[in-house]
Amino acid sequence: MLWMCGLGVWALLIVLHLIWGSSSEIRFGASDVFRGVGALLGIGDPLEGHLQAIFELRLWRALVAGGVGASLALAGALLQGLFRNGLASPGIIGASSGATLGVACAILVVSGYGPDLVLRSTSPFAPYLITVAAFIGAFGAVVLALVLSSSGGRVSVPTLLLVGVALNATFGGIFVALQSIRIDDWGVSKAMLSWTFGILEDRQAYHAAMVGVGLAVAAGCIPFVATELDLFAGGEADARRLGVHTARIQLVVIGAAALATSCSVAAAGAIGFVGLVVPHVARHWVGRGHRALLPVSACGGAVLLLGLDLIQLKVTGRRALPPGVVMSLLGGPFFLYLLLKGRKGGEL
């Protein structure tokens, strides 16, 4: 099956990330990889000197990059199936902007720590505060969107889309206002702005664990919603007549997509367009059936983000562009292509 091939490529890219990483001066062999993993599991001796620390930084970066790509792509495929709209993406429900606002507030709380606040604050609790604030902001935004768009226990999809647009605009305005207040403090302003570009440097085990939990929960919902999402293709009314509990499916799909997106943004910042691009490409490979589309989208997202990160590190080293910037450069033109294609086909 295609998704199993995707898992194999995903695993291969992780290994290549461990071998090459961001430093051309340090290259691990296969034996070093096994030894480094063994040391993490407590069944072997660590690599000599600083090499074990470098190995672990590469591992957490690879796991976070792959997990974030998989989570965002899976969330995008879920939302596109539910909304019956190929332009839907995780950011449309307010998760990314909510997380960014949460990070901005957390940075202001500990605003005296300089430009490396997000990555290397002098306080051991600051990184955890940043991550927790991002998650609270993302998940809180999604819950608010659901409350404002629900009536009588049902979620109005058109209303949810409009509420998401309004929340994104509102949170974005508040973020810019907070940033303008501290624009004279370059360190704080840089720390706030860097989150909007996406962050993969200096990731830790708890970042990888957070992304893994969100991805596992969302992936665990696939068997329970795949067939129902196929029935949604004819419209919510038709799905209801075919026996689909539409309210339950809406809550499960939106909840799974929100959790996966919230965990991803909390761990790696705002990385757009993954959830928009990957499901479209996956549909060309496996069709519109969600039982195959959802896992293939997850694997494709992991391969895309991890592969782009690995290519960048090999070409530019530490001067690599932030992942959010790279995906905007790729996803922006793709989004315009979808708009023009939909307009010509009479879909927009």
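Right, let's walk through the structure included here. Numbering of residues starts from 1 in every chain and runs along the sequence as written. The predicted origin of the model limits local features to residues at a pLDDT of at least 70 and limits the giving and counting of side-chain atom pairs to 80 or more, whereas totals for whole chains, interfaces and linings rest on all residues. Computation of side-chain values covers all heavy atoms of the structure but excludes hydrogens and water.

Structural notes on the overall build of the protein chain
Filter applied, for reference: In this text, helices come from DSSP runs of H or I with a minimum length of four residues, and strands from runs of E with a minimum of two, each type numbered from the N-terminal end. Burial classes follow relative accessibility: with a 1.4 Å probe on protein chains only, a residue under 20% of its type's maximum area counts as buried, one over 50% as exposed, and anything between as partly exposed. By the convention used here, residues are in contact when the closest approach between their heavy atoms is within 4.5 Å. All accessible areas in this document rest on Shrake-Rupley with a 1.4 Å probe, and a residue is counted as covered only by the protein chains that are shown.
Of the regular secondary structure elements, the protein chain holds 15 helices and 2 strands. Every one of the 348 residues in the protein chain was classed for burial, and the buried ones make up 49%. For the protein chain, the share of sequence-separated contacts (at least 6 apart) that also reach a separation of at least 24 residues comes to 75%. Taken as a whole, the protein chain presents about 15,600 Å² of accessible surface, with 69% of it coming from carbon and sulfur.

A look at the side chain of Q52
Inspection of the secondary structure assignment puts Q52 in helix 3 (residues 51–83). Excluding residues within four positions of it along the chain, Q52 makes contact with G36, A39, L40, P46 and L47.

Comments concerning the side chain of S297
With respect to the helices, strands and loops of the structure, S297 is situated in helix 14 (residues 290–316). The class of S297 is buried, set by a relative accessible area of 0%.

Topic: the pattern of salt bridges
Stated formally: When a carboxyl oxygen of Asp or Glu lies within 4 Å of a side-chain nitrogen of Lys or Arg, that pair is called a salt bridge.
Following the criterion strictly, the structure yields 3 salt bridges and no others. The salt bridge involving D309 is made with R61; its shortest N-O contact spans 2.7 Å. Here D309, found in helix 14, pairs with R61, found in helix 3; they are 248 residues apart in sequence, far enough to count as distant. Its relative accessible area of 9% is what places R61 among the buried residues.

Section: the environment of R35
Applied cut-off: Each polar contact in these results corresponds to two N or O atoms within 3.5 Å; when the atoms are within protein, one needs to be able to donate a hydrogen and the other to accept it, and residues that are neighboring in sequence are counted only if both atoms are side-chain atoms.
Its location among the elements puts R35 in helix 2 (residues 30–40). Apart from residues lying up to four places away in sequence, R35 is in contact with D45, P46, L47 and E48. In this structure the side chain of R35 is engaged in a polar contact, spanning 3.0 Å, whose partner is the side chain of E48.

Observations regarding a nonpolar patch on the surface
Quick note on the threshold: Nonpolar side chains (Val, Leu, Ile, Met, Phe, Trp, Tyr) are joined into patches within 5 Å and like charges within 9 Å, using only residues with over 30% relative accessible area and no salt bridge.
Taken together, the side chains of V37, L40, L41 and I43 make up a nonpolar region of the molecular surface, amounting to roughly 370 Å² of accessible area. Within the secondary structure, L41 sits in the loop between helix 2 and helix 3.

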